[in-house]
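Below are the chains, spelled out letter by letter.
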Amino acid sequence: MTLDFNQHVIDQFRAGQGRVGPPFENARLLLLTTTGARTGDRHTTPLGYLLDEEPDRLYVIPSAGGSPRHPAWFHNLRKNPLVTVETGAFTYEARARVLQGRERERIFARAVESDPGWQRYEDASGRTLPVVALESEGPPAPGPARPGDALKLIHDAMRRELAIVRREVAESGGTLGAQLRVNCLAVCQGLGHHHRMEDAHLFPRVGEQYPELADVMARLRREHEEIARLLEELRRLLGAEHAEHAEHADRAAVPAEVDRLTAQVEAHLDYEEENLIPLLNAAAP
């Protein structure tokens, strides 16, 4: 990508809080900021990434479009492994770690299974493409000052990831590769964590401040319980507890369950935003 095109994507990403237009509008995209190995200047690059079983870890691959040379950002992080990651919903410091041996082979095989283009890039480059883990070094930077806006930002990130996973599952024909199972399980984990945090912190506070919303809060809690049931059913189908049997999951059941989950979550997020965001934004940050 040219510098001008990179900057265009970066500007779109930040203005849209993670949303971009063609050709990356349906892709998982992050912004990686590294420190120049020679200059010490900060450089930001838009990159596709892979999810991991661990919520605080992502993977990027310095393919450089099949170039025989590693991209500059890879040289930078080898010299200065502390980097900044922007996902749209969150910005945080991370430590870059270049994978070695079997760990690298395992993650690269997952990448190729989900998108054969990675293998084509490696073949064209004449080099072994590195795989880099980006491991969170601490809590994310503060988001929007108004809590309602912060909630909407997190919800929109969930919507994007659900849409990506739904498309991936539909296009898979029911064949659940290793990376696709990771993607589905990461969605389950993220939704479950968000709802547990709401149940423990946000909902009690709103209930105390606005007793007139008792019926709304009761409905939101019931919907959390229903979504938790759907998440557990999806985990069961994916063979989350026995990964070696996951490939035997019902090929028709998984897409149907993802569709059910998506519809339920989208309706829940819409209802929650309609009733809570105006109140949260009117309150003190």
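Definitions and cut-offs
Per chain, residue numbering runs from 1 following the sequence as it is written. Per-residue local features of the predicted model are confined to residues with pLDDT of at least 70, and side-chain atom pairs are confined, for both listing and counting, to 80 or more; whole-chain, interface and lining totals are unaffected and use all residues. Note: side-chain values were computed over all heavy atoms of the structure, leaving out hydrogens and water. Comment: elements are numbered from the N terminus, with helices defined as DSSP H or I runs of at least four residues and strands as E runs of at least two. Only protein chains enter the area calculation, which uses a 1.4 Å probe; residues under 20% of their type maximum are buried, those over 50% are exposed, and those in between are partly exposed. Just to be clear on terms, a salt bridge is a Lys or Arg side-chain nitrogen sitting within 4 Å of an Asp or Glu carboxyl oxygen. What qualifies as a polar contact is a pair of N or O atoms within 3.5 Å, subject to a donor-acceptor requirement within protein and to the restriction that residues adjacent in sequence count only when both atoms come from side chains. Here, residues are in contact when the closest pair of their heavy atoms is within 4.5 Å.

Draft legend 1. Unusual backbone geometry, seen in detail. That bond from proline 22 to proline 23 is cis: its omega, 5°, falls within 30 degrees of zero. Take proline 23: it is sitting in the loop between helix H1 (3-15) and strand S1 (29-35). The backbone of glutamine 17 sits at a positive phi, close to 50°, despite the residue not being glycine. Looking at the element boundaries, glutamine 17 is found in the loop between H1 and S1. For glutamine 17, a relative accessible area of 35% corresponds to the partly exposed category. You will see that alanine 64, though not glycine, has its phi angle at about 50°, which is positive. Position of alanine 64 among the secondary structure elements: in the loop between strand S3 (57-60) and helix H2 (72-79).

Draft legend 2. Seen up close, the environment of glutamate 25. Structurally, glutamate 25 can be placed in the loop between H1 and S1. For the pair formed by glutamate 25 and proline 81, sequence separation is 56 residues and the distance between their alpha carbons is 28 Å.

Draft legend 3. Spatial organisation of the pattern of salt bridges. The tally for this structure, following the rule as stated, stands at 25 salt bridges. When the shortest N-O distance is used, the salt bridge between arginine 166 and aspartate 259 registers 2.8 Å. Residue arginine 166 is found in helix H5 (residues 147-172), and its partner aspartate 259 is found in helix H8 (residues 253-282); the two are separated by 93 residues along the sequence. Among the ionic pairs, arginine 235 bridges to glutamate 232, the shortest N-O distance being 3.5 Å. Of this pair, arginine 235 and glutamate 232 both sit in helix H7 (residues 214-238), 3 residues apart, roughly one helical turn. Of the residues examined, glutamate 232 reaches a relative accessible area of 42% and is grouped as partly exposed. One continuous salt-bridge network, built from bridges that share partners, spans Asp52, Glu53, Arg57, Arg97, Glu103, Arg110 and Glu135.

Draft legend 4. Geometry of the side chain of threonine 34. As for its placement among the helices and strands, threonine 34 is situated in strand S1. The class of threonine 34 is buried, set by a relative accessible area of 0%. Polar side-chain contacts of threonine 34 include one of 3.1 Å to the side chain of asparagine 76. Ignoring any residue separated from it by four or fewer positions in sequence, one finds threonine 34 in contact with Asp41, Arg42, His43, Trp73, Asn76, Leu77 and Val83.

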